[in-house]
Amino acid sequence: MIPAFAVQSLSKRYPHFALEDVSLSLQPGTVMGLVGANGAGKTTLLRLLSGLAAPDAGTVEVLGHRLPEAQADARREVGLASEDMRLYRGRSLDWHIDLVRQIFPSWDDDYAATLVRRFDLKPQQTLGGYSHGQRVKALLLLCLARRPKLLLLDEPTTGLDPVARLEVLEALADVLRDERRSVLFSSHNTADVEQLADRIAFLHAGRLVADADKESFLDQWRRVLCLGAAPPTLAAWPEVAAVRSAGSQVEVRVRAWREDLSDRLAAAGLRVERVDPMSLEEIFVTAVRTGGAA
Amino acid sequence: MYQQIVDQITARVMAGDWAPGQALPSIRELAAGSGVSVITVKRAYEELERAGLIATRQGKGSFVADRPDQARQLLEAGLDRALDEVVTQAARLGLDRQQLHRRLDEHLDAAPSSNPSEGSQS
């Protein structure tokens, strides 16, 4: 099976930022959530995959097309929606639809009409009068109705109100029905990633620190509440990400949970009170604060 | 998150919405319909299969198992987990057996009419 994308030892250097040695691929029919703090390299990776930037080292293949050589073939099948893409403020959504339809033969008129209704957009209004949320939805519509095999979305839900966010998430969930389509989306909103992604790719300071299926990734982490005094070496245990003491309570955040850890904590003088799973949000914050080891 | 899907399906089977032998939506269909990822639904189906509530036939998808009592067992297991948690909390508060029983009775009295009727107050 040809991967939706595959990058090998990818590097891209800018004066104040570098994406270093990223190898990552995505199987067709899969949704990958790209998480990372501001400046971690999410947008750079999406730009490299969409051919808007060329790598300094490494290879990029998108739907079997090697970039930049087969750029034209890749463009036909890849849809990118990112906030820095410009729509013409003086033109209407209908005008944009006509433009995109002429360029991409895969354009689906019925689906476009469905999305106009679902996103509650006025097709004749000039986009200058659209709110931020409406512009985001318009951009996504122009991308989705092409029915690209690979969707690249840079922060698709950022800045949307809860209703618009739900509309966008539902439209993305629809894409899942077709097992040949794949999605890579970056998001600050870890709840969106937790909900929609099959895989999680975690970038930190230009490096890929985790790439795993979502359920296994979440399964590795635990918040362990203990009573007692934390031994000074606890924070240095390889499976421990963070230790916080408050009075006689010690909270241990564990990045590689195993059942035998309870006994080892007990042997170190800590009584385990409870063990809870962590949300992606908590994992994300813990990993970023502790230097990105996930 | 997969636990929510497990609970939803269990509840629907218990309620009789989904009868024994009935085909379940495909993993992709349910994922798209409920707006969660494919892998989450897959994990939930695996869990339900392990619990014996659903059966998967190669190439034919998943079905509600012919033994509806499995749904009850799954809910029983959930109740046991919740009770374990109650016991842990009570120990933390230093409640003795009698005090805990009293607290449980108070909750039963305060709950709406779905109370177990036996022993209810007049």
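Residues numbered from 1 in each chain as written. Chains lettered and ligands numbered in written order. Predicted model: local features only at pLDDT ≥ 70, side-chain atom pairs only at ≥ 80, totals over all residues. Heavy atoms only, no water.

1. Things to note about the nonpolar core
Let me state the cut-off plainly: To qualify as a nonpolar core, a set must consist of buried Ala, Val, Leu, Ile, Met, Phe, Trp, Tyr and Cys residues joined through side-chain atoms within 4.5 Å. Relative accessible area decides the class of each residue, using a 1.4 Å probe on protein chains only: under 20% of the type maximum gives buried, over 50% gives exposed, and in between gives partly exposed. Runs of E in the DSSP output that reach at least two residues are strands. Runs of H or I that reach at least four are helices, and both are numbered from the N terminus. When checking whether two residues touch, look at their non-hydrogen atoms; a contact exists if any pair is within 4.5 Å.
Of all hydrophobic cores here, the largest spans 75 residues; its most connected members are Leu-93, Leu-141 and Phe-217 of chain A together with Ile-9 of chain B. Tallying contributions element by element places helix H5 (residues 132-144) of chain A first for this core, with eight residues. Setting aside its immediate chain neighbours within four residues, Leu-141 of chain A contacts Ile-97, Trp-107, Ala-112, Leu-115, Val-116, Phe-119 and Leu-121 of chain A. Counting 28 residues, the second largest nonpolar core, distinct from the first, contains Val-7, Ala-40, Leu-48 and Leu-67 of chain A.

2. Focus on the confidence of the model for chain B
Counted only if it meets this: Here pLDDT means the predictor's own confidence in every residue, given as a number from 0 to 100.
Put simply, chain B has an average pLDDT of 84, and 89% of its residues get 70 or more. Element-level pLDDT for chain B is lowest in helix H4 (residues 69-93) of chain B, with a mean of 83, against a maximum mean of 92 in helix H5 (residues 97-110) of chain B.

3. Some remarks on the domain arrangement of chain A
As a reminder, the rule being used: All domain edges in this entry derive from an automatic or database-based domain assignment.
Considered domain by domain, chain A is made up of domain 1 (5-217) and domain 2 (222-277). Here domain 1 of chain A and domain 2 of chain A have C-alpha centroids that lie 39 Å from each other.

4. Concerning empty space enclosed by the protein
Residues and elements named next belong to chain A. This is how it is decided: Buriedness for pockets is judged along seven lines, at least five of which must meet protein on both sides within 12 Å for an open set on the 1 Å grid over protein atoms alone, while cavities are sets there where a 1.4 Å probe fits but cannot get out, and lining residues have an atom within 4 Å of a point. Grid points are joined across faces, edges and corners, and a volume is the space filled by probe spheres set on the points. In the scheme used here, Gly and all other residues not listed as nonpolar or charged are polar, with Ala, Val, Leu, Ile, Met, Phe, Trp, Tyr, Cys and Pro taken as nonpolar and Asp, Glu, Lys and Arg as charged.
Under the defined criterion, the tally for this structure stands at two cavities of 30 Å³ or more. As a volume, the largest cavity reaches approximately 40 Å³. Considering the residues around the largest cavity, the lining is formed by Thr-43, Leu-46, Arg-47, Leu-52, Leu-80, Ser-82, Asp-84 and Asp-154. Tallying contributions element by element places helix H1 (residues 42-49) first for the lining of the largest cavity, with three residues. A class-by-class count of the residues in the lining of the largest cavity yields three nonpolar, two polar and three charged. By volume, the second largest cavity amounts to about 30 Å³. Residues that form the lining of the second largest cavity fall into these classes: five nonpolar, no polar and no charged.

5. A short note on the sheet that holds strand S2 (residues 17-26) of chain A
Residues and elements named next belong to chain A. Filter applied, for reference: Strand pairing is assigned whenever DSSP detects at least two bridges linking the two strands. Here the axes come from fitting lines to C-alpha atoms, over the contacting stretch only for helices, and the angles between their N-to-C directions go from 0 to 180 degrees.
Read across the open sheet, the four strands follow the order S2-S1-S4-S5; overall the sheet is antiparallel. At either end of the open sheet lies a strand with only one pairing partner, and these are S2 and strand S5 (65-67). Across this sheet, the average inter-strand angle for adjacent strands is 30°, counted without regard to direction. In terms of strand pairing, strand S1 (residues 5-14) meets S2 through seven bridges, oriented antiparallel. Bridge pairing in S2 links Ala-6 to Ser-25. Contacts from H1 reach S1, S2, strand S4 (57-62) and S5, with the element oriented near 120° to S1.

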